[in-house]
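Single-letter residue listing:
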Amino acid sequence: MNCTLFNTRYQVEDESSHLDEMPLMMSEEGFENDESDYHTLPRARISQRKRGLEWFICGGWKFLCTSCSDWLINICRRKKELKARTVWLGCPEKCEEKYPKNAIKNQKYNIFTFIPGVLYEQFKFFLNLYFLVVSCSQFVPALKIGYLYTYWAPLGFVLTVTVVREAVDEFRRYKRDKEMNSQLYSKLTVRGKVQVKSSDIQVGDLIIVEKNQRIPSDMVFLRTSEKTGSCFIRTDQLDGETDWKLKVAVSCTQRLPALGDLFSINAYVYAQKPQLDIHSFEGTFTREDSDPAVHESLSIENTLWASTVVASGTVIGVVIYTGKETRSVMNTSNPKNKVGLLDLELNQLTKALFLALVALSIVMVTLQGFVGPWYRNLFRFLLLFSYIIPISLRVNLDMGKAAYGWMIMKDDNIPGTVVRTSTIPEELGRLVYLLTDKTGTLTQNEMIFKRLHLGTVSYGTDTMDEIQSHIINSYSQMHSQNSGNSTSSTPSRKPQSSAPKVRKSVSSRIHEAVKAIALCHNVTPVYESRAGVSGETEYAEVDQDFSDENRTYQASSPDEVALVQWTESVGLTLVNRDLTSVQLKTPGGHILTYYILQIFPFTSESKRMGIIVRCGNMAREGLRTLVVAKKSLTEEQYQDFESRYNQAKLSIHDRTLKVAAVVESLEREMELLCLTGVEDQLQADVRPTLEMLRNAGIKIWMLTGDKLETATCIAKSSHLVSRTQDIHIFRPVTTRGEAHLELNAFRRKHDCALVISGDSLEVCLKYYEHEFVELACQCPAVVCCRCSPTQKAHIVKLLQHHTGKRTCAIGDGGNDVSMIQAADCGIGIEGKEGKQASLAADFSITQFKHIGRLLMVHGRNSYKRSAALGQFVMHRGLIISTMQAVFSSVFYFASVPLYQGFLMVGYATIYTMFPVFSLVLDQDVKPEMALLYPELYKDLTKGRSLSFKTFLVWVLISIYQGGILMYGALLLFESEFVHVVAISFTALILTELLMVALTIRTWHWLMVVAEFLSLGCYVASLAFLNEYFGIGRVSFGAFLDVAFITTVTFLWKVSAITVVSCLPLYILKYLKRKFSPPSYSKLTS
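Here is what the cut-offs are and how they apply
Residues numbered from 1 in each chain as written. Predicted model: local features only at pLDDT ≥ 70, side-chain atom pairs only at ≥ 80, totals over all residues. Heavy atoms only, no water. UniProt positions renumbered as here; feature names shortened; annotations may be inferred. Helix = DSSP H or I, 4+ residues; strand = E, 2+ residues; numbered from the N terminus. Buried < 20%, exposed > 50% of the residue type's maximum accessible area, 1.4 Å probe, protein only. Contact = heavy atoms within 4.5 Å. Areas by Shrake-Rupley, 256 points an atom, 1.4 Å probe, with all protein chains shown as cover. Pairing = 2+ DSSP bridges. Axes fitted to C-alpha atoms, helices over the stretch in contact; angles between N-to-C directions. Polar contact = N/O pair within 3.5 Å; in protein donor to acceptor, adjacent residues only side chain to side chain. Parallel < 35°, antiparallel > 145°, perpendicular 65-115°, else oblique. Left-handed = near helix turned anticlockwise from the far one by under 90°. Nonpolar A, V, L, I, M, F, W, Y, C, P; charged D, E, K, R; others polar. Salt bridge = Lys/Arg side-chain N within 4 Å of Asp/Glu carboxyl O.

The chain goes by Phospholipid-transporting ATPase in an unreviewed UniProt entry, where it is assigned to Dromaius novaehollandiae. In UniProt, the chain has this text filed under Catalytic activity (unreviewed entry): "ATP + H2O + phospholipidSide 1 = ADP + phosphate + phospholipidSide 2." Its UniProt record gives the chain the following Cofactor (unreviewed entry) comment, quoted word for word: "Mg(2+)".

Below, the structure is given as structure tokens:
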């Protein structure tokens, strides 16, 4: 007898759900289901793009330039059309087309584009471009002010650091690529094996891949050293799944007696055109020289994709796709260079400063009265005041970013965290949307068998021992009946006569159900050899050591492993499996063998898996809830089915549909055996972390490839949706009219979470994108299920485009990479699904709960510190420009520099750099406070730490202080006019040091050291660099005598000026803290 078992997803159909499907608002609105426009949804008020001059100025020129360049690029890189192909075994020369070279290339630049590329990335920032122009102007004698090094040194430093950093990254990429491309593989030729580099492999080559070797290109699996004709491969680098996949060799070539016979046959593979989907493949294998010709259908299980690794045996394959056409390369997107919001805001402020600079210069020239070569003077003024825009801004910020990265990695509370993109730590403090993956991110992807339901009776975790005793009973009975008089198994026999009849039926039903679960799956037990010499002993003969210690299970889904581990725990153990049979061990130690006739793998469409075994029985995967059923077939029924099934498998068109229809015909009138329940455990501290993020004003969207029921279930258990909240499940929609009605229904609900599937989402975005995003953004939480990787990335881009807010994506698998790269800030978790996501991310963490500290503490600090640092550096430039302006206006608008070369360079570096840079150690609240009151984070998203308002305050402070310092110096020094420079510069340095002290919120010992170190440097240089402390040069006869600096008059005058410039600000700060304290000070007091 043949017995077939099926195991289907179980879906609860609620009575009320049918009521919800009644058309909404039909009568009230007279809504007609046609393509006319609708009136019910609030219309997006999008003003038409203004054409004409205004449009051109507002960014039209940018639009035109980009479209022209895109057009040029498209012409240069005209994509070759991808076509289906016929590949002759071992004959690359027979290919009609020229296929791409099989080389891996991850580099961003080549030798020619490196310098231009890096420079473009740098100079597209207004700040750097401005400095380049200023520095170049110094080569013109008429415009020369001071020494060249005052302009070129800082610029050169910035560029050198950047170029070196990029070059190192690029070199690492080049080495990684070279290593991959020069790996050697054995290629089979008529003359035997030859070694060939990975990059020289061509379509049609026969390649031999050993165990633990990477597969170099996409191949069709022809034969293997394993007796079973199948092998396992590891795919974690391709799809992010850690479990092994079973691949099957083409039977026609596997049956050939020796390797060399591959050349004695005349055969070819027909393969579909290269495409993105890594989970599907359609092709045929044809051998022409046999009579009749052999045709075999090829599916995904006959393929070996590039970037996967052979886990057992040696495989031989024929290459069908190479290089750019392999699945792994087609699925990787080019990562964009991410730029933080803070950098963009500072870039805007720089432009504002530039306008101020131009205005100031024009005013100066106007006051001069446009005498002489006024345009030359205008340019000289532009150069004199160029310190308004400090070049040290970029240096300081870049060093600051490096420091934050170092602090994040050194934080003991979040061990294992890695910062991979050092340019955007401030983004962590500005997030509004967090898009998270479910499996492996919120959950552990570890399944535990929780419940077995037999219709009348249900077993939970605490009653599993009852099942075990039932199993032991039924098997001991079977063996005692089989063995007849044999004494070996009689001791275990129990008297059954006294037991009631019903008990026996429950017992047999449990026995059937457990046996079904133990058979219907795709799990393979793998044995590591005791000696650990090699994996060759995995498939030894029956004398194989089936001991429990060294057995591990391999499957494509953790659910299946959970089911098989459970059957082992109740006494029925899976001990061996190959392509044709499954062996189970009974509690009494007997081995039962079942022959596999057909397997129908699990797909997301059919939501079920089936197996037909001879003389046996079965059931298998589904997620979380499974229905297990069986059907007994006669030999004739099976033969009839087999012929129809094979015919369907060979068809070229609509193969999947035809196969599904044939299998479906078998899945009727089955006997229900049981239901099983498997639980996916949540990651540690997911609930408090999500709670904290929600209180911080971050909206959380869960994007998962999983099915609706599971996603909803996890959303509730992880408290993504709070207990009291309603959940609105968006009905599946396919047309515009349905989407319209469903959106209306959703609009009437308030404060409820939205659950929507990927397909419905596509429909809504096609017709009502703006309205849908508007409604979804008002939800406290959104769950999108059945999302493909590209859809995940699309949702991220939508949120960025429609809300303009910062987004963060977090995930752990290869399927989350595109979403992580699209988000403003991508976080990868090193999870069970491999390392692909954590390598592609900007920040890599080891557990989901670490995200709380990463955002609340490090994100907050990085943003606040960079904002303070950026504005302070601008203030430092503004104050000296103000002094220059005052100086020039007093001296009849002469375009003469106030301070000479080294003083200017020293001012921005050695005298004030350490204290200013020590602002990166500042913090407004303690980390414990920030975690205890996540509401503080909300303030940051408004971006109030760095805005035009705060910037204006700093500008006013700079103008006030610069004015006081210069006028003070000029007023107090009527007599010794030559000492103006010494006095004003000393007062300036002291003012800066005091201002740093004023800005700091929490002192750190390093800050104190920095203050005194800078002061010491300055005092020392006064003694040695006295030639600079005069006006002009020796022309004024001004050499500074050390005697003057030590006089009491010098000291009191400098102190007086400094006090006047700083005291009012200290008083203002005190009053502000008293009358309108910031939110955090209320908590700390």
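## A word on the overall build of the chain
Counting its regular elements, the chain contains 36 helices and 33 strands. Within the span of the chain, comprising 1085 residues, buried residues form 52% of the whole. Considering only residue pairs separated by 6 or more positions, the chain has 74% of its internal contacts joining residues 24 or more positions apart. Total accessible area on the chain is roughly 50,600 Å²; 59% of this is exposed by carbon and sulfur atoms.

## Re the sheet that holds strand β16 (residues 431-436)
Pairing in this open sheet of nine strands is mixed, and the strands run β15-β33-β32-β31-β16-β27-β30-β29-β28 from one edge to the other. Looking along the sheet, the strands with just one partner apiece sit at the ends: β15 (418-419) and β28 (726-729). Here β15 runs beside strand β33 (residues 843-845); their pairing, made up of two bridges, is antiparallel. From the neighbouring strand, Val419 faces β33, where its bridge partner is Phe843. Sheet strands in contact with helix α21 (residues 736-747) are β28 and β29 (752-757), and its direction is about 175° off that of β28. Helix-sheet contacts for helix α22 (residues 758-777) involve β16, β27 (699-703), β29 and β30 (781-785), and the interaxial angle to β29 is about 155°.

## So, the sheet that holds strand β13 (residues 309-310)
Ordered in space as β8-β7-β13, the three strands form an open sheet in which the pairing is antiparallel. Looking at which strands have only one partner, the edges of the open sheet turn out to be β8 (244-248) and β13. Two elements, strand β7 (residues 230-234) and β13, share two bridges in a ladder whose sense is antiparallel. Along β13, the bridge assignment pairs Arg234 with Val309.

## What about the UniProt feature "active site" (unreviewed entry) in the chain?
The feature "active site" (unreviewed entry), as given by UniProt, occupies Asp437 in the numbering adopted here. Note that Asp437 resides in the loop between β16 and β17 (443-453). Ignoring any residue separated from it by four or fewer positions in sequence, one finds Asp437 in contact with Leu442, Leu703, Thr704, Lys792, Ile810, Gly811, Asp812, Asp816 and Met819. There is a polar contact of 3.3 Å between the side chain of Asp437 and the side chain of Lys792.

## Some points on the packing of helix α32 (residues 980-999) against helix α35 (residues 1048-1075)
Where α32 meets α35, the closest approach of the two axes is 9 Å, and the angle between their N-to-C directions is 30°. Put simply, α32 runs roughly parallel to α35. Of the two elements, α32 crosses α35, and the hand of that crossing is right-handed. Taking contact as the criterion, the partners of Ala982, Ile983, Thr986, Ala987, Leu990, Thr991, Leu994, Met995, Ala997 and Leu998 in α32 are, on α35, Phe1050, Val1054, Ile1057, Thr1058, Ser1061, Cys1062, Leu1065, Tyr1066 and Lys1069. Tallied by class, the residues present in the contact of α32 with α35 amount to 14 nonpolar, four polar and one charged.

## Description of the environment of Phe126
Note that Phe126 resides in helix α5 (residues 126-137). C-alpha of Phe126 to C-alpha of Phe354: the two residues are 228 residues apart in sequence and 9.7 Å apart in space. If near-sequence neighbours (up to four positions away) are discounted, Phe126 is found in contact with Asn347, Thr350, Lys351 and Phe354.

## Here we look at the pairing of strand β5 (residues 206-209)
Going residue by residue along β5, you find Leu206 and Ile208 tucked away on one face and Ile207 and Val209 tucked away on the opposite face as well. Note: strand β3 (residues 184-189) against β5, three bridges, orientation antiparallel. Following the sheet pairing, Ser186 is matched in β5 by Ile208. In this sheet, strand β14 (residues 315-321) lies alongside β5 in antiparallel orientation, the contact comprising four bridges. Note on β14: the bridge partner recorded for Leu206 is Val318.

## Overview of the pattern of salt bridges
What the rule picks out here adds up to 29 salt bridges. Across the pair Asp205 and Lys187 runs a salt bridge, and its minimum N-O distance is 3.6 Å. Taken as a pair, Asp205 in the loop between β4 (192-197) and β5 and Lys187 in strand β3 lie far apart in primary sequence, 18 residues in all. Take Asp205 and Lys187: they sit in the same class, and that class is buried. Residue Lys630 is joined to Glu512 by a salt bridge in which the shortest nitrogen-to-oxygen separation is 2.7 Å. Separated by 118 residues along the polypeptide, Lys630 in strand β25 (residues 625-633) and Glu512 in helix α15 (residues 501-519) bring together distant segments of the chain. Residue classification places Lys630 among the buried positions, given a relative accessible area of 11%. Three or more residues are tied together by salt bridges with common partners; here these are Asp343, Lys401 and Glu426.

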